[in-house]
Amino acid sequence: AEAGELVIGNPVGSVQSGITIGGGNVSGLGGSSSQDARTGHALAIAIGNGSIASNENDLAIGTNVDIRGDGGQNTGIGNDIRIAGTQNTIVGDGHQIVGKQNNVLGDPVDIDGNGNAVVGNSPTIAAGSDDNAIICNGHTVDGDRTLVGGYAVSVIGNENIATG
């Protein structure tokens, strides 16, 4: 303890192998890894090998959860997740998310849009598609304000309801 503060790890802020918890320095905690967890802001948290939480209030938990770009307030929990945007909540494995205010639960999901909600596996939401709700597996959506359920439905256009 020093001046009323507890410092564990490197007090100058450099990252050590293993675990990183925020900009307030808890890093390393023993052991070694070839993949460091990193934070880019004092209010970001990264836990897991290769995880990166770059912005204010980003939370990256898992292996290779990579939260970068502008914004902040993203949560990524799982493995091999890439988020570029703001206010996204992503849980699962293998996601690629670009945009803001997307909510995803499933594996893997590709989104390039805003305000989308996905529960299921392997859907794709095309670039610029916003405010879609997808439930179940294998869907492709290229449009806005579409509700999709069932299995392997492809939708092009806006304001659709599709099941398969």
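Cut-offs used in this document
- Residues numbered from 1 in each chain as written.
- Predicted model: local features only at pLDDT ≥ 70, side-chain atom pairs only at ≥ 80, totals over all residues.
- Heavy atoms only, no water.
- Helix = DSSP H or I, 4+ residues; strand = E, 2+ residues; numbered from the N terminus.
- Buried < 20%, exposed > 50% of the residue type's maximum accessible area, 1.4 Å probe, protein only.
- Contact = heavy atoms within 4.5 Å.
- Areas by Shrake-Rupley, 256 points an atom, 1.4 Å probe, with all protein chains shown as cover.
- Core = buried A, V, L, I, M, F, W, Y, C linked by side-chain atoms within 4.5 Å.

Draft legend 1. Representation of the overall build of the protein chain in the model. Helix and strand counts for the protein chain come out as zero helices and 18 strands. Burial status across the protein chain gives 37% buried among its 164 residues. Relative to all contacts within the protein chain whose residues are 6 or more apart in sequence, the contacts with residues 24 or more apart total 3%. Entry remark: accessible area of the protein chain is about 7900 Å², with carbon and sulfur atoms responsible for 51%.

Draft legend 2. Structural context of the side chain of Asn102. Tracing the backbone through its elements, the reader meets Asn102 in the loop between strand E9 (96-100) and strand E10 (103-105). Those residues in contact with Asn102 that sit more than four places away from it in its chain are Gln87, Asn88, Thr89, Ile90, Ile97, Ile111, Gly113, Asn114, Gly115 and Asn116.

Draft legend 3. The nonpolar core, seen in detail. Of all hydrophobic cores here, the largest spans 22 residues; its most connected members are Val104, Ile111 and Val118. For this core, the secondary structure elements donating two or more residues are strand E6 (59-72) and strand E7 (75-86). A total of three residues in this core trace back to one element, the largest contributor, which is E6. Excluding residues within four positions of it along the chain, Val118 makes contact with Asn103, Val104, Leu105, Val109, Ile111, Pro123, Ile125 and Ile134.

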